[in-house]
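The lines below spell out each chain.
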Amino acid sequence: MASKRMLKCCKGVLSCCSGPPPDMAPIGVRIKVLDRYVVIDNGIIQLTLSNPDGIVTGIQYNGVDNLMEILNKEDNRGYWDIVWNDQGHSGVFDVIKGTNFSIVAQDDDHVEVSFTRMWDPSLQGKLVPLNIDKRFIVVRGSSGFYTYGIYEHLEGWPDFSIGETRVAFKLRKDKFQYMAMADNRQRVMPMPDDRLPGRCQQLAYPEAVLLTNPINPYLRGEVDDKYQYSCDDKDNKVHGWISFDPPIGFWQITPSDEFRTGGPLKQNLTSHVGPTTLAMFMSAHYAGDDLSPKFINGEYWKKVFGPVFMYCNSSCDGSDPTLLWEDAKVQTVIEMESWPYSFPASKDFEKSWQRGSVSGCLLVQDRYVNDMDIPASQAYVGLALPGETGSWQRECKGYQFWSQADEFGNFYISNVRTGSYNLYAWVPGFIGDYKLETTITISSGEDVNMGELVFKAPRDGPTLWDIGIPDRSAAEFYIPDPNPNYVNRLYINHPDKFRQYGLWERYAEIYPDSDLIYTIGESDYSRDWFFAHVTRKSDDNSYKAATWQIKFQLDTVSQDATYKLRVALAAAALSELQVRFNDATLNRPHFTTGLIGRDNAIARHGIHGLYWLYNIDVQSGWLVQGENIIYLTQNRTASPFQGIMYDYIRMEGPPTSG
């Protein structure tokens, strides 16, 4: 199978050579075990791993002795790592080094090796209480290698939590200087030395620097921050680096999201200055502690992360090395279509025949929009561990399986691991979350057809007015141009304009004397609603709360009736939203969220974090005939990064009969 995959690439129109020439059969995979190294070679790529650590110390490809950064120590080139916490330790960073090596499978078609690190009580407080098995696979005819990991916490072992786990690859800085992660997100990158003192100025937090004296003078005056290259997991399939001399690409391909946490909208890092490429499995980025799994009372847990594919390609004639990106996208599709892989040896990785599927049709019921049930067009429908409605976005221990419905609401979720799940969904254009109360059990080879399912979207009465688009993002609101002194040129005239540095400071510049006022029927949310409700910097360098106003007219007020204000938030960072109706001086607000959120999306150039929905009962006595004003105050003010992003706001009148 692998040789046919590579042959397809070489015969393509991209002039990319990823495998042997079409007229040459690939040689078998060979392994050589030395005292300190394990070398696996298929004639296209040679992978060198430390023995028994299981660190990628070398990748030989297309005439280059080593694609990894040879200036780094061997344990700082290609490695699995984990950040963990227990009662006595916080944020422990651990490069996972095996203590035992074994060959799991070996023949001409593929070699799979294992590097294990087993835990026992004598290691308490020294190592994360997990048995960890790192696997590497080289396949015949393939210009790359696969890696996956199996983590296991035995019953009765100590309590702990995971902040992050991933695979990191650090490439040669003298070769790889062009990064690509999307058709419109690729560029020549700064050198790692550009982030050292004398070449940059640190900005508001350590990850962000202003390049003042970069090695490449063209980059002078730009901002570099690894979070500017984050990505939703649903879009995070392939990213990596290109060397122009020789023309070589190194790509990290993730063929499935099933082992990632937090669902399709979870954001993660990709590639960044180093040159570094990451395969993120767990992280608290853009979510906070909610996405850090906590294991208490000695619970048993086991999970397979991966396999992910590290793919190398080269240009046959060198005419346009950026075509390597196009080839990497083709290879990504091939890998996704091959999922789940048939060759991993671990019984913990379920093969295709062991899995099942779920299908159905999702409809939306909103009688104030349509008398009939509406097809849930483009709905995100997924399976995750049983939990509360919407819990999938904070779920971080099990597997998740998602698909996007067609225009008629039909969905099909394939290759689902055996187990018990709840079915969850959310529908662009509608607020709220759907959950099927019945638990679905998937058995091997079983296709479960759920028939028609109906999501009753949150709704009490007719829409009096609304602001925004209910899509769990603040992208439709006004995003200002950056301060010209703090620009990343990639994002000039770019749809991801929100990834520019320092946009939170622009609010006070745009509204220097008073806060935002939005008038229903006159204002335009794409122009008049700032994308983030942030704090305002004072002359003494402290921060104060900003209170926004929504002005709207009511011809009449239904007495003794209840109106409804629905506020959907796209992000929240150590913030508190207070809502007052027609009286900004009320000491006690009509509604408060309390302190919420740690997603840090404002500082990290995200346009969303976790989703929050608040349904506020509005007493008719709070309203008046004529002009009404809703005061929205974000009153936590210790930092410029405390704030919220709105997804959508809707005011509903009292329910109507009929």
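Quick caveat, the model's predicted, so the values are computed rather than measured.

Novice: Just checking my understanding: could you explain the overall build of the protein for this structure?
Specialist: Each helix and strand in the protein was counted, giving four helices and 46 strands. In terms of overall size, the protein behaves like a compact globule, its C-alpha atoms giving a radius of gyration of 27 Å where 658 residues would be expected to give roughly 26 Å. The principal-axis extent of the C-alpha atoms belonging to the protein is close to 85 × 60 × 55 Å. By the burial criterion, 60% of the 658 residues in the protein qualify as buried. If you take every contact in the protein between residues at least 6 apart in sequence, the share linking residues at least 24 apart comes to 70%. Where the 62 positive side-chain charges of the protein centre and where its 82 negative ones centre are 4 Å apart.

Novice: Sorry if this is basic, but what is going on with the pattern of salt bridges here?
Specialist: A side chain of one charge can pair with a side chain of the opposite charge when the charged atoms of the two come close. With the rule as written, the count across this model stands at 43 salt bridges. Between Asp193 and Lys173 there is a salt bridge, with its nearest N and O atoms 3.0 Å apart. Remark: Lys173 occurs in the loop between β12 (160–170) and β13 (176–182) and Asp193 occurs in the loop between β14 (185–188) and β15 (200–202); sequence separation between them is 20 residues. Given the relative accessible area of 23%, Asp193 is considered partly exposed. One continuous salt-bridge network, built from bridges that share partners, spans Asp460, Lys564, Arg566, Asp617, Arg650 and Glu652.

Novice: What is the right way to read the nonpolar core from this model?
Specialist: The tendency in soluble globular proteins is for nonpolar side chains to be buried as a group. Counting 104 residues, the largest nonpolar core has Ile59, Leu362 and Leu423 as its most contacted members. Element by element, the count of residues in this core is highest for strand β25 (residues 301–315), at eight residues.

Novice: Would you take a moment to explain the packing of aromatic side chains for this structure?
Specialist: Geometry of an aromatic ring pair is reported as the spacing of the ring centres plus the angle between the planes. The final tally for this structure, using the stated rule, is 49 aromatic pairs. Seen in terms of ring centroids, Trp251 and Trp325 are 5.7 Å apart; in terms of plane orientation they differ by 50°. Their pairing is tilted. With Trp251 in strand β20 (residues 247–253) and Trp325 in helix α2 (residues 323–337), this residue pair connects regions lying 74 residues apart in the sequence. Like Trp325, Trp251 is buried. Consider the rings of Trp504 and Phe641, whose centres lie 4.9 Å apart with planes at 80°: the pair is edge-to-face. With Trp504 in helix α3 (residues 503–510) and Phe641 in the loop between β45 (626–634) and β46 (643–652), this pair connects stretches of sequence that are 137 residues apart. Each member of the pair, Trp504 as well as Phe641, is classed as buried. Above the plane of the ring of Trp612 lies Arg394, whose end atom (NZ or CZ) is 4.8 Å from the centre.

Novice: Explain the environment of Met118 to me, please; I cannot follow it from the model alone.
Specialist: Residue position: Met118 is located in the loop between β9 (110–117) and β10 (131–139). Met118 gets classed as partly exposed once you look at its relative accessible area, which sits at 48%. C-alpha of Met118 to C-alpha of Pro129: the two residues are 11 residues apart in sequence and 8.7 Å apart in space. When sequence neighbours within four positions are dropped, the list of residues in contact with Met118 reads Thr99, Leu123 and Asn131.

Novice: It is not clear to me how the UniProt feature "domain: Rhamnogalacturonan lyase" (unreviewed entry) in the protein should be interpreted in this structure. Could you clarify?
Specialist: Here the UniProt feature "domain: Rhamnogalacturonan lyase" (unreviewed entry) sits at residues 377–448 and 463–651. This span, residues 377–448, is 0% helix and 49% strand, and a straight line between its end C-alpha atoms measures 21 Å. Taken end to end, residues 463–651 comprises 6% helix and 39% strand; its first and last C-alpha atoms sit 6 Å apart.

Novice: Would you explain the pairing of β13 in this entry?
Specialist: Looking along a regular strand, one sees side chains alternate from face to face of the sheet. Counting buried positions along β13 yields five of seven residues, so the element is predominantly enclosed. Across four bridges, the pairing between β13 and strand β19 (residues 238–244) is antiparallel. Each residue of the ladder has a partner; that of Met179, found in β19, is Trp241. Pairing of β13 with β14 involves four bridges; the strand directions are antiparallel.

Novice: In this structure, what is going on with the sheet that holds strand β41 (residues 577–581)? I would like to understand it.
Specialist: Strand order in the open sheet formed by five strands is β35-β39-β45-β41-β42, and the pairing between neighbours is mixed. With one partner strand each, in any of the chains shown, β35 (517–519) and β42 (591–592) form the two edges of the open sheet.

Novice: I keep staring at the sheet that holds strand β28 (residues 380–384) and nothing clicks. Help me out?
Specialist: Whenever strands of a sheet pair, they do so through backbone hydrogen bonds, lying parallel or antiparallel. On the basis of which strands lie adjacent, the open sheet formed by four strands has the order β29-β28-β31-β32 and antiparallel pairing. Across the chains shown, the open sheet's two edge strands, defined by having one partner strand only, are β29 (401–404) and β32 (434–442). Strand-to-strand twist in this sheet, taken as the mean axis angle between neighbours without regard to direction, amounts to 20°. By the bridge criterion, five bridges tie β28 to strand β31 (residues 419–426) in an arrangement that is antiparallel. Across the sheet, residue Tyr380 finds its bridge partner in β31, namely Trp426.

Calculation criteria
- Residues numbered from 1 in each chain as written.
- Predicted model: local features only at pLDDT ≥ 70, side-chain atom pairs only at ≥ 80, totals over all residues.
- Heavy atoms only, no water.
- Helix = DSSP H or I, 4+ residues; strand = E, 2+ residues; numbered from the N terminus.
- Rg over C-alpha atoms; globule rule 2.2 N^0.38 Å.
- Buried < 20%, exposed > 50% of the residue type's maximum accessible area, 1.4 Å probe, protein only.
- Contact = heavy atoms within 4.5 Å.
- Lys, Arg positive; Asp, Glu negative; His and termini not counted.
- Charge placed at Lys NZ, Arg CZ, Asp CG, Glu CD.
- Salt bridge = Lys/Arg side-chain N within 4 Å of Asp/Glu carboxyl O.
- Core = buried A, V, L, I, M, F, W, Y, C linked by side-chain atoms within 4.5 Å.
- Phe/Tyr/Trp six-rings, centres within 6.5 Å; stacked < 30°, edge-to-face > 60°.
- Lys NZ or Arg CZ within 6 Å of the ring centre and 35° of its normal.
- UniProt positions renumbered as here; feature names shortened; annotations may be inferred.
- Pairing = 2+ DSSP bridges.
- Axes fitted to C-alpha atoms, helices over the stretch in contact; angles between N-to-C directions.

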